[in-house]
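A look at the structure
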Amino acid sequence: MEKKKPSLIKKLFQIKEISVILPLVVLVVVAMLVNPSFLRMSNILDILRTSSFNAMIAVPLTFLLASGRMDLSIAATTTLGGLIAAIAETNGVPLVISLLLALLVGAAVGVLNSLLVEKFEMLGFIATMATSYVVKGIASVITNNNPVSGISDGFQAIAKTRVGGSIWITIIYALVIGVAGQLILNRTKYGRSTLAVGGNPETANLAGIDVKRRHSELFILVGIFAAVAGCLHCSRFASAQLTAGSGTELTILASCIIGGTSLRGGTGTVTGSLLGCILFATITNALLVMGVPTTWQNVVYGAILIIALLIDIFKRTKMSKA
């Protein structure tokens, strides 16, 4: 008996990133119909630029989530990373050293998270939230709640440079990091073992993978990239602000989940996470273009997240019946 071919809908829902692709397509079509200027190249590049900062954190966070862990301290680390780099640079420390100091601070936050979660076996949600409060407190103390301005032109060029006269360099950064992350997660032993750790840590441990060490590595990696994003925020706005990165932890986390990365570990897609970041940046931009009050932004965020999660549930249900 000839095997029945899967329907088009079933094939569609086999795509990992479908739960973010569908809302993104619908949103773009609606925004375009309401205001055709939405599809202007300058507007598209603005969306990509806005999403690029979150995307650079979403890549390592995808690995961490896929391994079965999470991090809610990324926004606070973003803030502190930018502040450390700005304080150092404005006090005469060479730019390269200032940036390295920021990355070291990000790594230190990652080490703290890994100690709390892996050594003391605290819940990741609670531990990284506590870390977030500590990091925010440090940022407030060292700046006395004041922004740090006066960074050099060289520092500003890191995020303000345009490639080819039109493409913001942060888009290139995010693209390179995203491509590298996708290849590592899907084409290398390290990526496959990370997914194995998230899927079944006991089996992964028996297979010779040091599960706790892998989690620690990923916590540190997330901290470093959060600090990188902080430095880029500082470069973009020519000053380090205490509000830099504020509230992005849930947006980035939601971007990864919508994109197809499981909170329970074992599955992850960097491409989906990047599309998720673009989706949230598109929502904000589309509301402005369509003349919708920004007070509706969180309502739309939540509605799209619910729709995306329902799509994901429907997809998993279809797959289980296949």
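See the structure printed just above.
Okay, so let's go over this structure. (Residues numbered from 1 in each chain as written. Predicted model: local features only at pLDDT ≥ 70, side-chain atom pairs only at ≥ 80, totals over all residues. Heavy atoms only, no water.)

1. A closer look at the pattern of salt bridges
In total, this model carries four salt bridges according to the counting rule given. Among the salt bridges present, the one from Glu 118 reaches Arg 69, with a minimum N-O distance of 2.8 Å. One end of the pair, Glu 118, is in helix α5 (residues 95-119); the other, Arg 69, is in the loop between α3 (41-66) and α4 (74-90), and 49 residues separate them in sequence. One salt bridge in this structure joins Lys 212 and Glu 121, with 3.7 Å as the shortest N-O distance. One end of the pair, Lys 212, is in helix α11 (residues 211-237); the other, Glu 121, is in the loop between α5 and α6 (124-143), and 91 residues separate them in sequence. On the basis of relative accessibility, which here comes to 42%, the residue Lys 212 falls in the partly exposed class. Here the salt bridges share partners, and the residues they tie into one network are Arg 213, Arg 214 and Glu 217. (Salt bridge = Lys/Arg side-chain N within 4 Å of Asp/Glu carboxyl O. Helix = DSSP H or I, 4+ residues; strand = E, 2+ residues; numbered from the N terminus. Buried < 20%, exposed > 50% of the residue type's maximum accessible area, 1.4 Å probe, protein only.)

2. A word on helix α2 (residues 18-34)
A rise of 1.5 Å per residue sets the reference length of α2, with its 17 residues, at 24 Å; its end C-alpha atoms lie 24 Å apart and thus fit the reference within 8%. Regarding α2, the residues found buried are Ile 18, Ser 19, Val 20, Pro 23, Leu 24, Leu 27 and Ala 31. (Expected span 1.5 Å × (residues − 1).)

3. Thoughts on the packing of α5 against α11
Contact geometry of α5 with α11 gives a least axis separation of 7 Å together with a crossing angle of 145 degrees. Both α5 and α11 take part in a crossing whose hand is right-handed. Contacts between α5 and α11 involve Leu 99, Ala 102, Leu 103, Gly 106, Ala 107, Gly 110, Val 111, Asn 113, Ser 114, Val 117 and Glu 118 from the former and Lys 212, His 215, Ser 216, Phe 219, Ile 220, Gly 223, Ile 224, Ala 227, Val 228 and Cys 231 from the latter. Classifying every residue of the contact of α5 with α11 by side-chain character gives twelve nonpolar, seven polar and two charged. (Axes fitted to C-alpha atoms, helices over the stretch in contact; angles between N-to-C directions. Left-handed = near helix turned anticlockwise from the far one by under 90°. Contact = heavy atoms within 4.5 Å. Nonpolar A, V, L, I, M, F, W, Y, C, P; charged D, E, K, R; others polar.)

4. With respect to a nonpolar patch on the surface
On the surface, Leu 12, Ile 15, Ile 21, Leu 22, Val 25, Val 29, Met 32, Leu 33 and Leu 39 cluster together into a nonpolar patch covering about 680 Å² of accessible area. If one sorts the elements of the nonpolar patch by residue count, α2 sits on top with six residues. Here Ile 15 shows up in the loop between α1 (8-12) and α2. (Patch = residues over 30% accessible without salt bridge, like charges linked within 9 Å, V, L, I, M, F, W, Y side chains within 5 Å. Areas by Shrake-Rupley, 256 points an atom, 1.4 Å probe, with all protein chains shown as cover.)

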